[in-house]
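Residue-level structure breakdown
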Amino acid sequence: MDKLTENLAELGSGCSLPISLEVIGERWCFMILRGSFNGVRHFEDFLSEIGIARNILANRLTRLVEAGIMSRRPCDHDKRKVEYRLTDKGTDLLPVIVAIRQWGEKWETGVPSNPVLADARDRQPISRIALRAHDDRILGLADLCWIDETELRNHETTAGEGCSDRGDMVVRNLKEIGESSAA
């Protein structure tokens with residue numbers, strides 16, 4: 001099992017990454033989500049705020065509603081108007097949007113965006129989005145590995161019997177994968 005990696009051949013059948021990208025992996029979807037996180041709720045406001053064509057906006061809003069990322073309902077104050085709001089599923093995309101923004105600030109524009117996203121309680125800029133371990137350590141590529149799901153399940157079963165050592169698990173470190181593909 002020295003070839004333990006994501007099964008790239010099965011990307012279309014059940015892998016969460018391409019399925020997710022089918023729903024949100026397009027520029028205008030991200031712009032609509034950013035607008036929603038900034039309080040934009042109405043079709044006409046999306047048009048003027050993000051500069052999107054009417055037909056593209058209608059298509060993307062429909063897609064986001066069908067995916068359960070946004071809800072569409074009549075406005076409370078004017079039943080003739082429609083309001084688009086993020087669902088819980090949509091709100092869970094906030095770290096994704098922030099991570100992409102931070103990546104762009106670092107690698108594309110080279111400058112922090114204004115306004116700065118801050119903690120509402122302390123009025124301090126948020127930290128960079130990072131991968132964190134179960135004990136809250138920040139992880140980098142060298143700290144990550146792939147473990148087969150059955151191996152994790154088997155270990156959970158034996159952990160209940162008093163065995164907590166995970167050193168015997170078969171893993172493939174991401175750093176090694178990157179080094180071998182660079183050769």
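Residues numbered from 1 in each chain as written. Predicted model: local features only at pLDDT ≥ 70, side-chain atom pairs only at ≥ 80, totals over all residues. Heavy atoms only, no water.

Let's talk about the packing of aromatic side chains
Scanning the model with the defined rule gives zero aromatic pairs in all. Across from the ring centre of Trp28, 4.5 Å away, lies the NZ or CZ of Arg27, which sits over that ring. (Phe/Tyr/Trp six-rings, centres within 6.5 Å; stacked < 30°, edge-to-face > 60°. Lys NZ or Arg CZ within 6 Å of the ring centre and 35° of its normal.)

Digging into helix α2 (residues 27–37)
All of the buried residues along α2 are Trp28, Cys29, Met31, Ile32, Leu33, Gly35 and Ser36. On the buried face of α2, the contacting elements are α1 (16–24), α3 (43–50), α4 (54–66), β1 (70–74), β2 (82–86) and α6 (94–109). Remark: Gly39 follows α2 within two positions and exhibits a positive phi of approximately 95°. (Buried < 20%, exposed > 50% of the residue type's maximum accessible area, 1.4 Å probe, protein only. Helix = DSSP H or I, 4+ residues; strand = E, 2+ residues; numbered from the N terminus. Contact = heavy atoms within 4.5 Å.)

Topic: α6
If you check which residues of α6 are buried, you get Ile97, Val98, Gln102, Gly104 and Glu105. Lining the buried residues of α6 we find α2. Within two residues after α6, Gly110 carries a phi angle of roughly 75°, on the positive side.

Description of the packing of α3 against α4
Direction vectors running N to C along α3 and α4 enclose 120°, while the axes themselves pass 10 Å from each other. If you check the angle between α3 and α4, you find them oblique. Both α3 and α4 take part in a crossing whose hand is right-handed. Within the contact between the two elements, α3 uses Phe43, Glu44, Phe46 and Leu47 and α4 uses Arg54, Leu57, Ala58 and Leu61. Broken down by class, the residue content of the contact of α3 with α4 amounts to six nonpolar, no polar and two charged. (Axes fitted to C-alpha atoms, helices over the stretch in contact; angles between N-to-C directions. Parallel < 35°, antiparallel > 145°, perpendicular 65-115°, else oblique. Left-handed = near helix turned anticlockwise from the far one by under 90°. Nonpolar A, V, L, I, M, F, W, Y, C, P; charged D, E, K, R; others polar.)

Side note on the layout of surface pockets
Of the voids in this model, the largest pocket is the one considered here, and its volume is about 670 Å³. Residue lining of the largest pocket: 19 residues in total, with Phe30, Arg34, Asn38, Ile97 and Arg101 positioned closest to the centre. Broken down by element, the lining of the largest pocket gets its largest block of residues, six residues, from α2. Class assignment for the residues of the lining of the largest pocket results in twelve nonpolar, three polar and four charged. (1 Å grid on protein atoms, 1.4 Å probe; cavity = no way out; pocket = protein on both sides within 12 Å on 5 of 7 lines; lining within 4 Å. Points joined across faces, edges and corners; volume = space filled by probe spheres on them.)

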